[in-house]
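# An overview of the molecular structure
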Amino acid sequence: VTGNTIVTQRNLGQSISNTLSKFGIYTSMAIVCRRLFQEIKEGVQYVKYLDDSFTDMKMTMAITTQEFETMSTQIDAMAKQMGTTIESVHDIARIYSNANTTTQEILEKTKPTAEFANISGMDGLTATKNMQDIANQFKLLKQEGADAGEVFTNIGNAMTAVSKNMTYDFAKLVGELM
């Protein structure tokens, strides 16, 4: 074995050693970059979702950008407090928005419906449909002095209480019947 071969083997060994010692750094950088891109992607999707939500509400009711931003902030806080997704609570609010509804009424209906959906395991659409069906069936919103938020809170509380006290989950039963 000549001297050049030994030097070449040492250089190759050092090169491999240097590369392997930096492998952890490369891997960490790749993970950080992947997470960063994922966060950016989710942020862009969330902004698009909010834009779609605003557009839907704007088509069905008179709402300003400021009113929507205020309502969205309250919906986001509501979702975080309940430990559910912001999108599911926004979906419920979108369903309740119509020409005769104010943002305050939407929030008053959304909170108990989102709580009911969260407790019962129903998706937002199903929970909203069930809450609306019960309110309409018993004409609860047509009674004199009826407050939508109070009506929906009472419905949600009653269904939750019944659901907790029954062997068969009442919320699931209502969903199957409707």
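Source: prediction; values computed, not measured. (Residues numbered from 1 in each chain as written. Predicted model: local features only at pLDDT ≥ 70, side-chain atom pairs only at ≥ 80, totals over all residues. Heavy atoms only, no water.)

What follows covers the overall build of the protein chain. What the protein chain contains, in helices and strands, is seven helices and zero strands. For the protein chain, the sequential pattern of α-helices and β-strands runs α-α-α-α-α-α-α. Looking at the protein chain as a whole, 30% of its 178 residues qualify as buried. Residue pairs at least 24 apart in sequence account for 52% of intrachain contacts in the protein chain once pairs closer than 6 positions are excluded. Counting only carbon and sulfur atoms, one obtains 58% of the accessible surface of the protein chain, whose full area is about 11700 Å². (Helix = DSSP H or I, 4+ residues; strand = E, 2+ residues; numbered from the N terminus. Buried < 20%, exposed > 50% of the residue type's maximum accessible area, 1.4 Å probe, protein only. Contact = heavy atoms within 4.5 Å. Areas by Shrake-Rupley, 256 points an atom, 1.4 Å probe, with all protein chains shown as cover.)

Moving on: the packing of aromatic side chains. Going through the model one piece at a time under the given rule, you end up with two aromatic pairs. An angle of 80° between the planes, with centres 5.5 Å apart, marks the rings of Tyr96 and Phe152 as edge-to-face. One end of the pair, Tyr96, is in helix H3 (residues 86-96); the other, Phe152, is in helix H6 (residues 148-165), and 56 residues separate them in sequence. Here the two residues Tyr96 and Phe152 agree in accessibility, since each one is buried. In this structure, Arg94 packs its charged tip against the face of Tyr49, placed 5.3 Å from the ring centre. (Phe/Tyr/Trp six-rings, centres within 6.5 Å; stacked < 30°, edge-to-face > 60°. Lys NZ or Arg CZ within 6 Å of the ring centre and 35° of its normal.)

A few words on helix H2 (residues 65-82). For H2, spanning 18 residues, the distance from its first C-alpha to its last is 25 Å, which sits close to the expected 26 Å at 1.5 Å a residue. For H2, the set of buried residues is Phe68, Met71, Ser72, Ile75, Asp76, Met78, Ala79 and Met82. Along the axis of H2, the buried residues cluster in a sector spanning 165°; they form a single face. Pointing more than 90 degrees away from the buried face of H2 are the exposed residues Gln66, Thr73, Lys80 and Gln81. Positive phi shows up at Gly83, right after H2, with a value of about 75°. (Expected span 1.5 Å × (residues − 1). Arc of directions from axis to C-beta.)

Across the interface, H3 lies against helix H4 (residues 103-120) with an axial gap of 9 Å and an inter-helix angle of 135°. The angle between H3 and H4 places the two elements in the oblique class. Here the hand of the crossing between H3 and H4 comes out right-handed. Counted together, Val89, Ile92, Ala93 and Tyr96 of H3 and Ile106, Lys109, Thr110, Thr113 and Ala114 of H4 form the full contact between these two elements. The residue inventory of the contact of H3 with H4, partitioned by class, reads six nonpolar, two polar and one charged. (Axes fitted to C-alpha atoms, helices over the stretch in contact; angles between N-to-C directions. Parallel < 35°, antiparallel > 145°, perpendicular 65-115°, else oblique. Left-handed = near helix turned anticlockwise from the far one by under 90°. Nonpolar A, V, L, I, M, F, W, Y, C, P; charged D, E, K, R; others polar.)

As a packed pair, H4 and helix H5 (residues 124-137) sit with axes 9 Å apart at the nearest point and diverge in direction by 120°. In this view, H4 runs oblique relative to H5, as classed from their interaxial angle. Considering only the axes of H4 and H5, their crossing is right-handed. Contacts between H4 and H5 involve Lys109, Pro112, Thr113, Phe116 and Ala117 from the first element and Ala127, Thr128, Asn130, Met131 and Gln132 from the second.

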